[in-house]
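# Analysis of the macromolecular model
In case you want the letters, here they are:
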Amino acid sequence: MLEKDIQEVLFSEEQLKTRVNEIAQEIDRDYAGKEIMLISVLRGSFIFMADLCRAIDLDCTLDFMSVSSYGKGTSSSGQVQITKDLSEDISGRHIIVVEDILDSGNTLSYLLKILEHRHPASIRLCTLLDKPDRRVKPVEVHYSGFTIPDAFVVGYGLDYAEKYRNLPYIGILKPEVYGG
Ligand code: XMP
Ligand code: MG
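Residues numbered from 1 in each chain as written. Chains lettered and ligands numbered in written order. Predicted model: local features only at pLDDT ≥ 70, side-chain atom pairs only at ≥ 80, totals over all residues.

### Concerning the overall build of the protein
Across its full length, the protein holds 3 helices and 9 strands. Reading the helices (α) and strands (β) of the protein from amino to carboxyl end gives β-α-β-α-β-β-β-α-β-β-β-β. Taken over the C-alpha trace, the protein has a radius of gyration of 16 Å; the compact-globule value for 180 residues is 16 Å, and the two agree within 12%. Seen through its C-alpha atoms, the protein measures out along the principal axes to roughly 45 × 35 × 25 Å. With 180 residues in all, the protein has 33% of them scored as buried. (Helix = DSSP H or I, 4+ residues; strand = E, 2+ residues; numbered from the N terminus. Rg over C-alpha atoms; globule rule 2.2 N^0.38 Å. Buried ≥ 20, exposed ≤ 12 C-beta atoms within 10 Å, placed from the backbone.)

Here it is as structure tokens:
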């Protein structure tokens, strides 16, 4: 009965599938002949990562990391900490960071800076969703699935209080659910 907490479906399963395949084709074109490494930022991007990597037709390795941004409720703060680091060395490799959503930019600007210090051959960001209205830190995005308005969204990996990740679509959460 997850549906009862959803105000509006933003992107259906079908729309997500189509867009993920388009992004994969773009990546295939841009990195033709190269080997890439996808880095999924846990936990929100795990479903996007799973679908994206299966639509990519290049030699590809995967790794995962986890960060926490100290902030509760529905916004992050400027303080970010790595809670699970990568297992692989990224130096000399073509990296694509796979994120669920770019919001204030606090998390990703910090994360990208850390990864750049490890000397990858190249580094790009692929985010499924971009919420530009709330940006406080500039972040360069190379692949973006959808631009969304300033609303709290869940599903397809995205959570509120760890719930709703298993919704197959992306929807706007009713504000009364989080006391908004
Ligand atoms: P920042 O603000 O650092 O935020 O760019 C990135 C992280 O904040 C979470 N976030 C959301 N999670 N629905 C969610 O489920 C949202 O609408 C939302 N906005 C931000 C998310 O963890 C993201 O990685
Ligand atoms: Mg996230």
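Structure's up, so let's keep going.
### Side note on the nonpolar core
Proteins that are soluble and globular tend to have nonpolar side chains buried together. By size, the foremost hydrophobic cluster in this structure holds 40 residues, and its most contacted members are Phe 48, Ile 96, Val 97 and Val 98. Among the elements that make up this core, the one with the highest residue count is strand S5 (residues 94-102) (6 residues). The contacts of Phe 48, once residues within four sequence positions are left out, are Val 20, Val 98, Asp 100, Leu 128, Tyr 156 and Gly 157. (Core = buried A, V, L, I, M, F, W, Y, C linked by C-beta atoms within 7 Å. Contact = placed C-beta atoms within 7 Å.)

### Notes on the sheet that holds strand S8 (residues 153-154)
Read across the open sheet, the 3 strands follow the order S1-S9-S8; overall the sheet is antiparallel. Among the strands making up the open sheet, the edge pair consists of strand S1 (6-11) and S8. Sheet analysis places S1 next to strand S9 (residues 170-173), joined by 4 bridges and oriented antiparallel. If you follow Phe 11 over to S9, its bridge partner there is Ile 170. (Pairing = 2+ DSSP bridges.)

### Here's the deal with the sheet that holds strand S7 (residues 143-147)
Read from one edge to the other, the open sheet built from 6 strands follows the order S4-S3-S2-S5-S6-S7, with strand pairing classed as mixed. A strand with exactly one partner marks an edge of an open sheet, and here the two such strands are strand S4 (80-84) and S7. Across the sheet, the mean angle separating the axes of adjacent strands is 30 degrees when strand polarity is ignored. Note: strand S3 (residues 60-69) against S4, 4 bridges, orientation antiparallel. Bridge assignment links Val 67 to a residue of S4, and that residue is Ile 82. Contacts from helix H1 (residues 13-30) reach S5, strand S6 (122-130) and S7 within the one sheet, and its direction differs from that of S7 by about 155 degrees. (Axes fitted to C-alpha atoms, helices over the stretch in contact; angles between N-to-C directions.)

### Here we look at unusual backbone geometry
The omega torsion across Leu 42 and Arg 43 is -5 degrees, close enough to zero to call that bond cis. Mapped onto the fold, Arg 43 is located in the loop between strand S2 (36-42) and helix H2 (46-55). Phi angles above zero are rare outside glycine, and Glu 162 is one such case at about 70 degrees. For Glu 162, a count of 7 C-beta atoms within 10 Å gives the class exposed.

### What to know about H1
Here H1 contains 18 residues, and its C-alpha end-to-end distance of 26 Å stays within 8% of the 26 Å for a straight helix at 1.5 Å per residue. Leu 16, Val 20, Ile 23, Ala 24 and Ile 27 are the residues of H1 that are buried. Each buried residue of H1 lies within a common arc of 105 degrees when the element is viewed along its axis, so the set occupies one face. Away from the buried face of H1 by more than 90 degrees, exposed residues Glu 14, Thr 18 and Arg 29 are located. Contact partners of the buried residues in H1: S1, H2, S5, S6, S7 and S9. (Expected span 1.5 Å × (residues − 1). Arc of directions from axis to C-beta.)

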